[in-house]
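Reading the structure
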Amino acid sequence: MFKRAFYSLIALGLAAPALAKVEAVDGYVRLLPPGSPNTAAFLVLKNDADKPVKLVAATSSEVGRAELHTHLHENGVMKMRQVESIEVPAKGEVALKPGSFHIMLFEVRELFQGTPFPLTLTMDDGQKLELSLPVKPIEPMAGMQH
């Protein structure tokens, strides 16, 4: 009886779908631009699983709302657009960076350089990443430094 129950539990464990192990690295939140209540979070998501996983939501107690965004070129103009998800490829990574995928943070309550910023990311498989990101000033674009 015990052996049967033990092997049943093992079989259930093997049959259960394994969550992808998604890791967030090199993350930061950009210090608010002067006069704006909105900013963005950037990071690299790494997926060690054999299947892709999608980032489907971001939340923080420090913002009115957070949205997943990308930049698109339309008729020679760079425009930001909200996206439903951001795929992290199997055994791969995706960079959320300026001019590409990023997390828009709207109606930011307070943001100070050197103070950790809480951000929760939700994947389509139910996995949640609880992050504490540093706040960094806006970096000048290449060629624009004095």
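Residues numbered from 1 in each chain as written. Predicted model: local features only at pLDDT ≥ 70, side-chain atom pairs only at ≥ 80, totals over all residues. Heavy atoms only, no water.

Turning to the packing of aromatic side chains, a few remarks are in order. Tallied over the full model, the rule gives one aromatic pair. Centroid distance Tyr28 to Phe42: 5.3 Å. Interplanar angle 40°. Geometry classified as tilted. Remark: Phe42 occurs in strand β2 (residues 39–47) and Tyr28 occurs in strand β1 (residues 22–30); sequence separation between them is 14 residues. Of the residues examined, Phe42 reaches a relative accessible area of 3% and is grouped as buried. The ring centre of Phe106 lies 4.0 Å from the NZ or CZ of Arg65, which sits over that ring. Lying over the aromatic face of Tyr28, Lys136 brings its terminal NZ or CZ to 5.1 Å of the ring centre. (Phe/Tyr/Trp six-rings, centres within 6.5 Å; stacked < 30°, edge-to-face > 60°. Helix = DSSP H or I, 4+ residues; strand = E, 2+ residues; numbered from the N terminus. Buried < 20%, exposed > 50% of the residue type's maximum accessible area, 1.4 Å probe, protein only. Lys NZ or Arg CZ within 6 Å of the ring centre and 35° of its normal.)

Attention now goes to the sheet that holds strand β10 (residues 128–133). Across the sheet, which stays open at both edges, the four strands sit in the order β6-β3-β9-β10 with antiparallel pairing between neighbours. The open sheet has two edge strands, β6 (86–88) and β10, and neither has a second partner. Averaged over all pairs of adjacent strands, the angle between their axes in this sheet comes to 35°, without regard to strand direction. In the sheet, strand β9 (residues 117–123) pairs with β10 via six bridges, with the strands oriented antiparallel. The residue of β10 that forms the bridge with Leu121 is Leu129. (Pairing = 2+ DSSP bridges. Axes fitted to C-alpha atoms, helices over the stretch in contact; angles between N-to-C directions.)

Now for the pairing of strand β3 (residues 53–59). Alignment of β3 against β6, held across three bridges, turns out to be antiparallel. In the sheet register, Val53 faces β6, and the bridge partner there is Val88. Both β3 and β9 contribute to a ladder of four bridges, which runs antiparallel. Counted as the bridge partner of Thr59 is Thr120 from β9.

Turning our attention to the side chain of Ser100. Note that Ser100 resides in the loop between β7 (92–96) and β8 (102–106). Excluding residues within four positions of it along the chain, Ser100 makes contact with His69, Thr70, His71 and Ala95. (Contact = heavy atoms within 4.5 Å.)

This part takes up the pairing of strand β4 (residues 65–74). Sheet topology note: the β4/β8 ladder contains five bridges and is antiparallel. Counted as the bridge partner of His69 is His102 from β8. The sheet contact formed by β4 and strand β5 (residues 77–82) spans six bridges and is antiparallel. Bridged to Glu74 within β5 is Val77. Connecting β4 to the next strand, β5, in antiparallel fashion are two residues, including Asn75 with a positive phi near 55°.

Attention now moves to the confidence of the model for the chain. Of the residues in the chain, 81% have a pLDDT of 70 or more, and the chain-wide mean is 85. Predicted confidence in the chain is weakest over helix α1 (residues 2–15), with a mean pLDDT of 47, and strongest over β3, with 98. Throughout residues 5–16 the model reports pLDDT below 50, and contacts reaching past four residues in sequence, or to other chains, amount to zero contacts. (pLDDT = per-residue confidence, 0-100.)

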